[in-house]
Structure formats: C-alpha cells, structure tokens
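Given next are the chains, with one letter for each unit.
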Amino acid sequence: MNSVVLSMPGNERFANALAGAPGCGRGTAVVRHFPDGESHVRIESALAGRHAIIVCTLDRPDEKLVPLLLLAAAARDSGAASVGLVAPYLAYMRQDRRFHAGETISARRFAGWISSGFDWLVTVDPHLHRIATLAEIYTIHTHVVHAAADVARWMMANVRQPLLIGPDEESAQWVSDVAMRSGAPFVMLTKTRRGDREVEVSVPEVERWRSHTPVLVDDIVSTARTMIEAVGHLRRTGLAAPVCIAVHPVFAQNAFAELRAAGVADIISCDTIAHSSNRISLAASVAAGVGEFLASR
Ligand code: R5P
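Residues numbered from 1 in each chain as written. Predicted model: local features only at pLDDT ≥ 70, side-chain atom pairs only at ≥ 80, totals over all residues. Heavy atoms only, no water.

Colleague: Sorry if this is basic, but what is going on with the site of the ligand here?
Modeller: Taken together, 15 residues are adjacent to the ligand, and Arg 94, Glu 170, Asp 218, Thr 223 and Thr 226 come closest. Contacts to the ligand include Arg 94, whose side-chain N or O atom sits 2.6 Å from an oxygen atom. Note that an oxygen atom of the ligand is positioned 2.7 Å from one of the side-chain N or O atoms of Asp 219. Put simply, the parts of the chain that give the shell around the ligand at least two residues each are strand 11 (191-195), strand 13 (213-221) and helix 6 (225-236). Top element by residues in the shell around the ligand is strand 13. It accounts for four residues. In terms of residue class, the shell around the ligand is made up of three nonpolar, four polar and eight charged. (Near = heavy atom within 4 Å. Polar contact = N/O pair within 3.5 Å; in protein donor to acceptor, adjacent residues only side chain to side chain. Helix = DSSP H or I, 4+ residues; strand = E, 2+ residues; numbered from the N terminus. Nonpolar A, V, L, I, M, F, W, Y, C, P; charged D, E, K, R; others polar.)

Take a look at the structure:
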C-alpha cells in the first residue's frame, strides 16, 4: 500500500471510495477540539515513506482550515513522502478580485494557505471566472474533475425532454458541457448582482420550449438568490416548474427551503457537499480522477 487516505470529519464516504483504488488504503486520524476550541489532530496510521491523501470538502471553510492544515502538518511530521488534498468543493473561489478598496483577493490568500500545507490538490469544478486556472493562484500541482458527465447521465435518465438553462453567463461553462454530453438544448440568462442577496435575472425568450422540462444548472448554490430569480422568470413565462441542479450545494442558512418554496419541480445536487438533495454521486469520478492524476505525475 503506497497511499494512505485520511478523512477529515464528514468526508468518510469520499475517503472510502478513494481508498478502494489500487495501491491505496484507508488510514485513521483523530480530529477534535479541546474545550477551549483549539484543534487537536493525531494520525493513527503509519505514514513513513507513503503518500498521504487527505479528503476534506471545503464548504464552511473557516472552521475547517486550521484542523486541516494541522492534519497536513502531522502527516508530514509522520514521514509521509507527500501530502495531497482532495477537496470536492473548493472554497473562496468567488472572491477572485478586489471588489472595493481595502479588501484582499481572498481566493489568492486561501490558495496560499492550502499551497503551504499540501503538495497537490484535486477538486471538482472550481469556480473559475476572473481567475482562469487554479495554477494562477495555487503554487502546488492541481487537477480538476468535472461533474458534467455525471450530471448529464442523471438528467437523461430522470428528466423528460430537458431544456438546460444557465442562470447567468458564468454558468455557461458547466451548462454547455452538460448540453454537449446529453445532446439537450440550452439557453443562458443574464444576471445582475446588486448585493449578497439581491440578484436580477433577465427575462428569457423561451416560449418556444413550452413542451420541455426546464433544468437550471449552476456550479454553486449558496443563498439561492440566483436560482430563485431564474425560477421566478421562467414561471412567469409559463414554462413548466424547473428542476434545479447544483454541482456544489452550499445552501447558506434557509436557502434550500426558500428555493423549494419558489415553485421548483425538484432540487438535485452532486455530493461534493453532503446535503439531503444529493442525488448525483461523484465519488467514483473523483476517485478515478485522483488515480489518473497520481499516475501521471
Ligand atoms: C456565481 O456566479 C455562481 O456561478 C453562482 O451563480 C452563484 O455563486 C450563486 O450564488 P447564490 O446562490 O448566492 O445566488
């Protein structure tokens, strides 16, 4: 066994899938908090001379970062030959520029911290917008696994006559990929964000798609304002209730309930973040992606 997979709490399913790959085995680590709130980590498996793979999805990242970096450090201190991170959801990618004076580009800072602790990173569809590639901000090797094939497969098996809809220009990269793989038609909406929770979406000319089932696809659903606006406009045109698909179901506070109440047919997500809407499992694709990436290095 050349690689040992360690899981941060809550990431056991992905970790187990990875550990099933040839040359990999499952290791154990304790991650807990002292009564004063400080983190304590301890690796229980032998790592000397082996490659450590730590699995940690990075929604709600602030509370995860310190124990994660401590775990990576503990792996190094245990003699690991290398320490990699598998983060199905990669945080801070939307803070990709200095929007106002006095701010920092948080995506870069976060990338610096992760790069300081790990030798490589594998993630799923990071939010690449003003930053074109992870290599612009990460100084370690990175590899991106795409969800489109799994999303397209789920949609073709479960949705009658789908019409793919991207709620904003940024979603074009994901929606067009799903459209290409499924052969379904797609249209894009345009979005103007006026604040954290204030979003306006253009009225689309989609009357000619009346017999189709609208399928809204976005990479991240956080406050769900983008999806809710899009759903509202689609419903006003008289289209059927849409199916909403999120690659990364962040669902901040009451977002999931609010989206449900907006008149959707269903809300489906990939399991990059554990959520009751998870219906599309990416564990096998991520395990395959990690395997290919490690074999190519
Ligand atoms: C950003 O442009 C992304 O692609 C999503 O549209 C955005 O993150 C969704 O955020 P929210 O759910 O808060 O509207």
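Colleague: Sorry if this is basic, but what is going on with the sheet that holds strand 9 (residues 162-166) here?
Modeller: Within a sheet, adjacent strands bond to each other through the backbone by hydrogen bonds, running parallel or antiparallel. Reading across the sheet, the six strands line up as 10-9-13-14-15-16 and stay open at both edges, with parallel pairing between neighbours. Two strands in the sheet have a free side with no partner beyond their single neighbour: strand 10 (186-188) and strand 16 (278-280). On average, adjacent strands in this sheet sit at an angle of 35° to one another, irrespective of strand direction. For strand 13 and strand 14 (residues 243-249), the ladder comprises six bridges, and the chain directions are parallel. When the sheet's bridge partners are listed, Val 217 is paired in strand 14 with Ile 245. Each of strand 9, strand 10 and strand 13 touches helix 5 (residues 172-182); the most contacted strand, strand 9, lies at about 160° to it. Contacting strand 9, strand 13 and strand 14, helix 6 crosses the sheet at an angle of about 165° to strand 13. (Pairing = 2+ DSSP bridges. Axes fitted to C-alpha atoms, helices over the stretch in contact; angles between N-to-C directions. Contact = heavy atoms within 4.5 Å.)

Colleague: Can you help me understand the side chain of Ser 182 in this one?
Modeller: Mapped onto the elements, Ser 182 comes out in helix 5. Looking at Ser 182, its side chain comes within polar contact range of the main-chain nitrogen of Ala 184, at 3.2 Å. For Ser 182, the residues in contact, after removing those within four places along its chain, are Ala 152, Met 155, Met 156 and Leu 164.

Colleague: Even after reading the chapter, I still don't get the nonpolar core, so can you show me in this structure?
Modeller: Residues Ile 54, Leu 58, Leu 68, Leu 85, Ile 114, Phe 118 and Tyr 138 are the most contacted members of the largest nonpolar core, which totals 40 residues. Tallying contributions element by element places helix 2 (residues 61-77) first for this core, with six residues. Once you skip the residues sitting within four places of it in the chain, Ile 114 turns out to touch Leu 58, Leu 65, Leu 68, Leu 85, Tyr 138 and Ile 140. Core analysis: the second largest hydrophobic core is formed by 39 residues, Ala 15, Ala 184, Val 215 and Ile 245 among them. (Core = buried A, V, L, I, M, F, W, Y, C linked by side-chain atoms within 4.5 Å. Buried < 20%, exposed > 50% of the residue type's maximum accessible area, 1.4 Å probe, protein only.)

Colleague: I keep staring at the sheet that holds strand 5 (residues 51-55) and nothing clicks. Help me out?
Modeller: Reading across the sheet, the six strands line up as 2-1-5-6-7-8 and stay open at both edges, with parallel pairing between neighbours. Looking at the sheet topology across the chains shown, the edges are occupied by strand 2 (24-26) and strand 8 (141-145). Shown here is a sheet whose adjacent strand axes are inclined to one another by a mean of 20°, direction ignored. As defined by bridge partners, strand 5 adjoins strand 6 (residues 82-87) across five bridges and the pair is classed as parallel. In the strand pairing of strand 6, His 51 is matched with Ser 82.

Colleague: Where do I start with the packing of helix 2 against helix 3 (residues 106-117) in this structure?
Modeller: Between two packed helices, what matters for the description is the angle formed by their axes and the separation of those axes. It is the contact of helix 2 with helix 3, at a shortest axis distance of 9 Å, that shows an interaxial angle of 20°. As the angle between them shows, helix 2 and helix 3 are arranged roughly parallel. Contacts from Pro 61, Leu 65, Leu 68, Leu 69, Ala 72 and Arg 76 in helix 2 reach Phe 110, Trp 113, Ile 114 and Gly 117 in helix 3. Among the residues forming the contact of helix 2 with helix 3, the class breakdown is eight nonpolar, one polar and one charged. (Parallel < 35°, antiparallel > 145°, perpendicular 65-115°, else oblique.)

Colleague: Help me understand the packing of aromatic side chains, please; the structure alone is not making it clear to me.
Modeller: For any pair of aromatic rings, the description rests on two quantities: the centre-to-centre distance and the angle between the ring planes. Enumeration according to the criterion identifies three aromatic pairs in this entry. Relative to Phe 293, the ring of Trp 120 lies with its centre 5.5 Å away and its plane at 65°, an arrangement referred to as edge-to-face. Of this pair, Trp 120 sits in strand 7 (residues 120-124) while Phe 293 sits in helix 8 (residues 283-296); the two residues are 173 residues apart in sequence, bridging distant segments of the chain. Like Phe 293, Trp 120 is buried. (Phe/Tyr/Trp six-rings, centres within 6.5 Å; stacked < 30°, edge-to-face > 60°.)

Interpretation note: all reported values are geometric properties and have no functional meaning in isolation.
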